[in-house]
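For reference, the chains in residue letters:
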Amino acid sequence: MNLNINIEENTLKQIYDISAKLYNEMCTDKEKDHGAIFEYMTELGRTMADADRASFWKWDRHKHELWTTSATGVDKIVIPDNTGLVGRALKLGQIVVTNDPYNDPDFNKDVDWMTGYTTKSVLVMPVANINGEFIGAFQIINKNGDGGFDEKEDVRKLSMAALVCGLAMESETFFEESHHDKLTKLKNRMGFYSDFSRKYNNVINDGRNLSLFICDIDKFKRVNDTYGHNAGDDVLAFVASLLEGACSENESVYRWGGEEFIMMMPDTDLEAAVAKAEKLRENIMKSTIEADGNEIKVTMSFGCRLFDKELSIEDNISKADEHLYTAKETGRNKVVYK
């Protein structure tokens, strides 16, 4: 009896410790995202269910992928959303329990073969948003002790951690959607300012180069008037994809509004930024865009600038926009930087 009491007290202490760590983490002013919630809730679920490993899987419906960065002891894992026990749980909208995974046709044995890990039991809970739409799944692996997972009892223990993960995932989704343009999938102006405070300010404060250009599609109104707004949307999506594809790992492009885009280039001097803009200008000019059944060609104009830390964000963008205006007024389809 005393042994059971000690085990329960130890488990309760672990739960309190995890909750306190998460609370303290969320009360700090350091840069953070929802990852901390998933990490701590994953650990909480593992502790509550007395399991060896746990992970929270996010469902990217657009890419038809399931992915996790909160799996205990591993880096990010990405799998197709129609595979594995997690995929089955989300497809059926049901809890999946197996205490004999190697004989389960949906269990992926490859990871165990590569790592040498032996999976004995798995429990997967689909996680829904407030509208009852499934958005992810909570998975725990290998019940400690001799027995496997009990669907009723272990699900009851996991429910709070799964609920918090679902709420956090929904909050993260709303946040991401508010920072992205639905048509081009690029970050929008709100996303730009969020990135500036979290990313580009550090570049400036470190005394590193930060270049940018603002660009827009020449005579875009004529595209809409001639071919219709559906074709115009296709042109915008094409240009956005081309600009995004030209970004290096630490660069980003944003839809500033209408047919205007901004690219931010840390650790890049003005000469390199102008060269990139010129290459993009040529690629766009040479491209033929399939737009709502039409073949359309467009050009773009660019205004480049090296960020001046003595000026505000808005003033720097305004200076780049002046160069863009000069490009438009002096014939379009050109890059101006002085």
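The rules behind each value
Residues numbered from 1 in each chain as written. Predicted model: local features only at pLDDT ≥ 70, side-chain atom pairs only at ≥ 80, totals over all residues. Heavy atoms only, no water. Helix = DSSP H or I, 4+ residues; strand = E, 2+ residues; numbered from the N terminus. Buried < 20%, exposed > 50% of the residue type's maximum accessible area, 1.4 Å probe, protein only. Contact = heavy atoms within 4.5 Å. Areas by Shrake-Rupley, 256 points an atom, 1.4 Å probe, with all protein chains shown as cover. Pairing = 2+ DSSP bridges. Axes fitted to C-alpha atoms, helices over the stretch in contact; angles between N-to-C directions. Salt bridge = Lys/Arg side-chain N within 4 Å of Asp/Glu carboxyl O. Phe/Tyr/Trp six-rings, centres within 6.5 Å; stacked < 30°, edge-to-face > 60°. Disulfide = S-S within 2.5 Å. Parallel < 35°, antiparallel > 145°, perpendicular 65-115°, else oblique. Left-handed = near helix turned anticlockwise from the far one by under 90°. Nonpolar A, V, L, I, M, F, W, Y, C, P; charged D, E, K, R; others polar.

Caption draft 1: Local environment of the overall build of the protein. Broken down by element type, the protein carries 10 helices and 13 strands. Taken over 338 residues, the protein has a buried fraction of 43%. Within the protein, residue pairs in contact and separated by at least 24 positions form 58% of the contacts whose partners lie at least 6 positions apart. Counting every atom, the protein has about 18500 Å² of accessible surface; 49% of that belongs to carbon and sulfur.

Caption draft 2: Here's a closer look at the sheet that holds strand 4 (residues 96-98). With antiparallel pairing, the 6 strands of this open sheet are ordered in space as 3-2-1-6-5-4. On the outer flanks of this sheet lie strand 3 (77-80) and strand 4, each paired with one strand and no other. Put simply, the sheet's adjacent strands are angled 20° from each other on average, direction ignored. Relative to strand 6 (residues 134-143), strand 5 (residues 122-128) is paired through 7 bridges, and the arrangement is antiparallel. Counted as the bridge partner of Val122 is Ile141 from strand 6.

Caption draft 3: Broad picture of the side chain of Ser194. In this fold, Ser194 is placed in helix 6 (residues 189-205). Ignoring sequence-local partners within four residues, the contact set of Ser194 consists of Phe175 and His179.

Caption draft 4: Just the pattern of salt bridges, in detail. Scanning the model with the defined rule gives 15 salt bridges in all. One salt bridge connects Asp106 with Arg88, and the closest N-O pair in it is separated by 2.7 Å. Separated by 18 residues along the polypeptide, Asp106 in the loop between strand 4 and helix 4 (110-115) and Arg88 in helix 3 (residues 84-92) bring together distant segments of the chain. A relative accessible area of 23% places Arg88 in the partly exposed class. Each of the salt bridges in this network shares a partner with another, and the network as a whole consists of Arg88, Asp104 and Asp106.

Caption draft 5: Spotlight on the packing of aromatic side chains. As enumerated under the stated definition, the model contains 9 aromatic pairs in all. When the centroid spacing of 5.5 Å and the interplanar angle of 45° are considered together, the rings of Phe196 and Phe307 count as tilted. In this pair, Phe196 sits in helix 6 while Phe307 sits in the loop between strand 12 (300-306) and helix 10 (313-329), placing the two residues 111 residues apart along the sequence. A residue is classified by how much of its surface remains accessible, and Phe307, at 13% relative accessible area, is buried. Both rings, one in Phe213 and one in Phe302, keep their centres 5.2 Å apart while their planes meet at 80°; by these two values the pair is edge-to-face. Of this pair, Phe213 sits in strand 7 (residues 210-217) while Phe302 sits in strand 12, placing them 89 residues apart in sequence. In terms of burial, Phe213 and Phe302 fall into one category: buried.

Caption draft 6: Local environment of the state of the cysteines. The final tally for this structure, using the stated rule, is 0 disulfides. Summary of cysteine pairing: Cys215 is not part of a disulfide, and the nearest cysteine sulfur, belonging to Cys304, is at 8.9 Å. Judged by its relative accessible area of 0%, Cys215 falls in the buried class.

Caption draft 7: Structural detail: the pairing of strand 8 (residues 252-257). Among the 6 residues that make up strand 8, 5 are buried, leaving the element largely enclosed by the rest of the structure. The sheet contact formed by strand 8 and strand 9 (residues 260-266) spans 5 bridges and is antiparallel. In the sheet register, Tyr254 faces strand 9, and the bridge partner there is Ile262. If you look at the hairpin formed by strand 8 and strand 9, you'll find 2 residues sitting between the two strands, and Gly258 has a positive phi there, around 55°.

Caption draft 8: Structural view of the packing of helix 6 against helix 10. The geometry of helix 6 relative to helix 10 is characterised by a closest axis approach of 12 Å and an angle of 120° between their N-to-C directions. Classified by the interaxial angle, the pair formed by helix 6 and helix 10 is oblique. Between helix 6 and helix 10 lies a crossing of right-handed hand. Across the interface between the two elements, Phe192, Tyr193 and Phe196 from helix 6 touch Ile313, Glu314 and Ile317 from helix 10. Classifying every residue of the contact of helix 6 with helix 10 by side-chain character gives 5 nonpolar, no polar and 1 charged.

Caption draft 9: The arrangement of the sheet that holds strand 12 in detail. Spatial ordering of the open sheet is given by 8-9-7-12-13, a layout of 5 strands whose pairing is mixed. In the strand order of this sheet, the two ends are held by strand 8 and strand 13 (335-336), each with one partner. Judged from the 7 bridges that link them, strand 7 and strand 9 form a sheet pairing that is antiparallel. Its bridge partner being in strand 9, Ser211 is matched across the sheet by Met265. Each of strand 7, strand 8, strand 9, strand 12 and strand 13 is contacted by helix 10, which is oriented at about 145° to strand 12, the strand it contacts most.

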